[in-house]
Amino acid sequence: GHEFGLVLFAGSAFLQFPLTTDLASAEVFLQAASSDSISRQGTNLEAALQVALDGFRIVNGRKRIIILMSDGEDLEGDPLTLVAELANENITVYALGYGTASGAEIPLAGGGVKTDAVGTVVTTRLDDSELRRIAEQGGGGYWAVAEDGIASLVEQLRVHEPAALSSTASGKPVERFAVFLALALVFLSLEILLSEVRPRAA
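Cut-off values and rules
Residues numbered from 1 in each chain as written. Predicted model: local features only at pLDDT ≥ 70, side-chain atom pairs only at ≥ 80, totals over all residues. Heavy atoms only, no water. Helix = DSSP H or I, 4+ residues; strand = E, 2+ residues; numbered from the N terminus. Buried < 20%, exposed > 50% of the residue type's maximum accessible area, 1.4 Å probe, protein only. Contact = heavy atoms within 4.5 Å. Areas by Shrake-Rupley, 256 points an atom, 1.4 Å probe, with all protein chains shown as cover. Patch = residues over 30% accessible without salt bridge, like charges linked within 9 Å, V, L, I, M, F, W, Y side chains within 5 Å. Salt bridge = Lys/Arg side-chain N within 4 Å of Asp/Glu carboxyl O. Polar contact = N/O pair within 3.5 Å; in protein donor to acceptor, adjacent residues only side chain to side chain. pLDDT = per-residue confidence, 0-100. Pairing = 2+ DSSP bridges. Axes fitted to C-alpha atoms, helices over the stretch in contact; angles between N-to-C directions.

1. Description of the overall build of the chain
Across its full length, the chain carries 7 helices and 9 strands. Counting all 202 residues of the chain, 26% fall into the buried class. A sequence separation of at least 24 residues applies to 71% of the contacts in the chain between residues at least 6 apart. Total accessible area on the chain is roughly 13000 Å²; 57% of this is exposed by carbon and sulfur atoms.

2. A short note on unusual backbone geometry
A negative phi angle characterises most non-glycine residues, just as the trans form characterises most peptide bonds. Positioned with a positive phi, Asn90 is a non-glycine residue whose angle comes to about 60 degrees. Secondary-structure assignment places Asn90 in the loop between α3 (79–88) and β6 (91–97). The phi angle at Asp148 is positive, at roughly 65 degrees, despite the residue not being glycine. Structurally, the position occupied by Asp148 is in the loop between β9 (139–144) and α5 (149–160). What makes Asp148 exposed here is its relative accessible area of 52%.

3. Some remarks on the environment of Glu161
When you line up the elements, Glu161 lands in the loop between α5 and α6 (162–165). Residue Glu161 is classed as buried on the basis of its relative accessible area, which comes to 10%. Separated by 69 residues in sequence, Glu161 and Thr92 have C-alpha atoms that sit 9.8 Å apart. When neighbours within four sequence positions are excluded, Glu161 is seen to be in contact with Lys63, Ile65, Thr92, Tyr94 and Gln156.

4. Details of a nonpolar patch on the surface
There is a patch of nonpolar side chains on the surface, built from Ile67, Met69, Tyr98, Ile150 and Val154 and spanning about 390 Å² of accessible area. At the level of elements, β4 (64–70) and α5 are the ones that each hand at least two residues to the nonpolar patch. Tracing the sequence through the fold places Val154 in helix α5. Look at Val154 and you get partly exposed, because its relative accessible area is 31%.

5. Looking at the side chain of Thr124
Note on placement: Thr124 falls in strand β8 (residues 123–124). Accessibility expressed as a relative area gives 15% for Thr124, which makes it buried. At a separation of 2.3 Å, a polar atom in the side chain of Thr124 contacts the side chain of Asp71. When neighbours within four sequence positions are excluded, Thr124 is seen to be in contact with Asp71, Glu73, Thr100, Gly103, Ala104 and Ile106.

6. Observations regarding the confidence of the model for the chain
Per-residue pLDDT for the chain averages 80, and the proportion of residues at 70 or more is 77%. Counting interchain partners and residues more than four positions distant, the pLDDT-below-50 stretch residues 167–181 has 5 contacts.

7. Comments concerning the pairing of β6
Among the 7 residues in β6, 7 count as buried, and that is most of the element. Side chains Ile91, Val93, Ala95 and Gly97 of β6 all project onto a buried face; the interleaved residues Thr92, Tyr94 and Leu96 project onto the opposite face, where all are buried too. As paired elements, β4 and β6 share 7 bridges and run parallel to each other. Counted as the bridge partner of Arg64 is Ile91 from β6.

8. Concerning the sheet that holds β4
As summarised here, the arrangement of the 3 strands in space is β4-β6-β9, forming an open sheet in which the pairing is parallel. Edge positions in the sheet fall to β4 and β9, since each of these pairs with one other strand and no more. The mean angle between the axes of side-by-side strands here comes to 15 degrees, regardless of whether they run parallel or antiparallel. Two elements, β6 and β9, share 4 bridges in a ladder whose sense is parallel. The residue of β9 that forms the bridge with Val93 is Gly139. Set on the sheet, helix α2 (residues 45–56) makes contact with β4 and β6; between it and β4 the angle comes to about 155 degrees. Across the sheet, α5 is in contact with β4, β6 and β9; its angle to β6 comes to roughly 160 degrees.

What follows is the structure, given as structure tokens:
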């Protein structure tokens, strides 16, 4: 029954999908996300956290968690100022660092590696200093994905945020009779209109 949302960001940020318990639909939106979703390059962590905060405005009073995933490179904005506001809102921030300190190419889902507008191969390098500070001030923790960070995060959530993983979304029947009623009314209206314009037999 928990709600999940997704914010995509690079040099800017936008809400890929808002908070929802519909994990099947969320997965569809997640699969549609790619490095081409945002044209402005960079790493604006402040913009990403702001969009996440705005998405939380409707669920004040409930436990809220942000999991920030980034290489931390080419930072823009001032995320630490916003993290203080998140702490005041009782929102915990965890961070996962992607990449390596030595740098690497960015693989594409369909094969090959990412290139820029002129065909030069784009490389990414993990710079986790800011990510560590954000997680520390956000009351959470930081882990590098290359060092089994995802498993460490999950274990942290199980121990310190049990409510975040204590249940799973369950399906419930949705009344859809209104859809069929609307279709029936449409067909009935069409029948009436056709009968009005149908030529009378001689």
